[in-house]
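So you can see what is in the structure, the chains are spelled out below.
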Amino acid sequence: MKKLLVVGLMMSGFVAFGQVKKDTLNKEYKLEIAPYKDNKTEKKQKPNPLSKKGQVFVFYGWNRGAFSNSDIHFTGNGYDFQLNNVQARDKPTKFGIVYIDPSWFTVTQYNFRIGYFIKDNLALVLGIDHMKYVMKQNQTVDFSGTISDPKYAAMVQNGQVNLADTKFLTFEHTDGLNYENLGLEKYKNLIHKKNIDLVWSYGAGIGVMFPKSNVRLFGNERSDRFHVAGMGTDLRSSLNLVFWKNWMIRAEAKAGYINMWDIKTTLNNKPDKARQDFVFGQVVAGVGYTFNTKKYN
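Residues numbered from 1 in each chain as written. Predicted model: local features only at pLDDT ≥ 70, side-chain atom pairs only at ≥ 80, totals over all residues. Heavy atoms only, no water.

Draft legend 1. Expanded view of the overall build of the chain. The number of helices and strands found in the chain is 2 helices and 16 strands. A burial count over the chain gives 37% of its 297 residues as buried. A separation of at least 24 residues holds for 70% of the contacts in the chain among residues at least 6 apart in sequence. For the chain, the accessible surface area stands at approximately 17,700 Å², while carbon and sulfur atoms represent 60% of it. (Helix = DSSP H or I, 4+ residues; strand = E, 2+ residues; numbered from the N terminus. Buried < 20%, exposed > 50% of the residue type's maximum accessible area, 1.4 Å probe, protein only. Contact = heavy atoms within 4.5 Å. Areas by Shrake-Rupley, 256 points an atom, 1.4 Å probe, with all protein chains shown as cover.)

Right, here's the structure in full:
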């Protein structure tokens, strides 16, 4: 009887042990394995245009400009004089094929930009502003100073000179008034849709003036050559409509100050030169392309 009891207890123990082991195995098999994530290979979501460090944009457009009156001081062999409050205007090219023909692009008043985002929403921008400056010929201005040549000294009457007679002076920066500048621009997204972004920017720039000045003074041969003549600075703001994530239309307004103290007025490296400073305004419109330098989804 005792033997039967011992055998029964052992059998029930084996059954219980087998049941526990079976339950344990079932639980183990039901465990879920979490997927492995590698942060290094995980792709990042593509950022909004004109917003992220490492993004780049290029832009090409056209401008209209306006200039304040300026005093132009001329010095050279036999003369040292100043014309006061000289008026000037820009010289836009008539709309036509020259605006889209690459071989004629310097004929128009154009703007070029290339920007790189050094931080989120902050771009370093290299630009060329090809403006055109033309002294208005039909004006009479105040004169102060001396001219040794009696022919041209006689053109001064009662402290004024009439510039309508082109024999005294023609004065232009039409090839052109070139402002080579470097600026910082801050960007802010105003509207973000599936395929449309509207981005506002503002900033400032500084650079050198590299004009090709067309000057003819006292009947001398016309001076017409590129030359570093001074410096400029500006404040600017723009609206950028970006569509399909990459293409952009840009409208920009700019105001600045130009000081040129070494304008060449005659040929053959003579000491003759002029200097002037003035405020300018500019409106710009054109097209561009923006892209990321990093890969995203």
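Don't stop here, the text continues.
Draft legend 2. Structural view of the pattern of salt bridges. Tallied over the entire structure, the rule returns 10 salt bridges. A salt bridge links D129 to K254, with the nearest nitrogen and oxygen atoms 2.6 Å apart. With D129 in strand β6 (residues 122–135) and K254 in strand β15 (residues 247–264), this pair connects stretches of sequence that are 125 residues apart. (Salt bridge = Lys/Arg side-chain N within 4 Å of Asp/Glu carboxyl O.)

Draft legend 3. Focus on the nonpolar core. Of all hydrophobic cores here, the largest spans 34 residues; its most connected members are F74, F81, L83, F168, L169, F171 and L177. Elements represented by at least two residues in this core include exactly β2 (70–76), β3 (79–86), β6, β7 (140–147), β10 (169–192), β12 (212–217), β15 and β16 (273–292). The residues touching F171, leaving out its near neighbours within four places in the chain, are I72, F74, Y133, V134, M135, N214, V215, I263, A274 and Q276. In this structure, L50, F57, A123 and Y187 belong to the second largest nonpolar core, which totals 11 residues. (Core = buried A, V, L, I, M, F, W, Y, C linked by side-chain atoms within 4.5 Å.)

Draft legend 4. Region of interest: the confidence of the model for the chain. Looking at the chain, the pLDDT average stands at 85 and 80% of residues meet or exceed 70. Note that residues 1–31 has pLDDT below 50 and, in this model, 0 contacts with residues that lie over four places away or in other chains. (pLDDT = per-residue confidence, 0-100.)

Draft legend 5. Molecular detail of the pairing of strand β1 (residues 55–67). In this sheet, β16 lies alongside β1 in antiparallel orientation, the contact comprising 13 bridges. By the bridge assignment for β16, V58 is matched with Y289. (Pairing = 2+ DSSP bridges.)

Draft legend 6. Local environment of the packing of aromatic side chains. Tallied over the full model, the rule gives 23 aromatic pairs. Here the aromatic rings of F74 and F171 are separated by 6.0 Å at their centres, their planes lie at 80°, and the arrangement is edge-to-face. With a gap of 97 residues between them, F74 in strand β2 and F171 in strand β10 connect regions that are remote in the sequence. You'll find F74 and F171 in the same group, each marked buried. (Phe/Tyr/Trp six-rings, centres within 6.5 Å; stacked < 30°, edge-to-face > 60°.)

Draft legend 7. Representation of the environment of N189 in the model. Checked against the element boundaries, N189 lands in strand β10. Judged by relative accessible area, N189 falls into the partly exposed class, the value being 27%. Taking the C-alpha atoms as reference, N189 lies 7.6 Å from S51; in sequence the two are 138 residues apart. If we skip the residues at most four places from it in the chain, N189 touches N48, D197, L198 and V199. At a separation of 3.2 Å, a polar atom in the side chain of N189 contacts the main-chain amide nitrogen of I191. Of note is the side chain of N189, whose polar atom sits 3.0 Å from the side chain of D197. (Polar contact = N/O pair within 3.5 Å; in protein donor to acceptor, adjacent residues only side chain to side chain.)

Draft legend 8. Examining unusual backbone geometry more closely. The omega torsion of the bond from D175 to G176 falls at 10°, within 30 degrees of zero and hence cis. Relative to the elements of secondary structure, G176 occurs in strand β10. Even without glycine at this site, K245 takes up a positive phi of about 70°. Mapped onto the fold, K245 is located in the loop between β14 (230–243) and β15. On the basis of relative accessibility, which here comes to 27%, the residue K245 falls in the partly exposed class.

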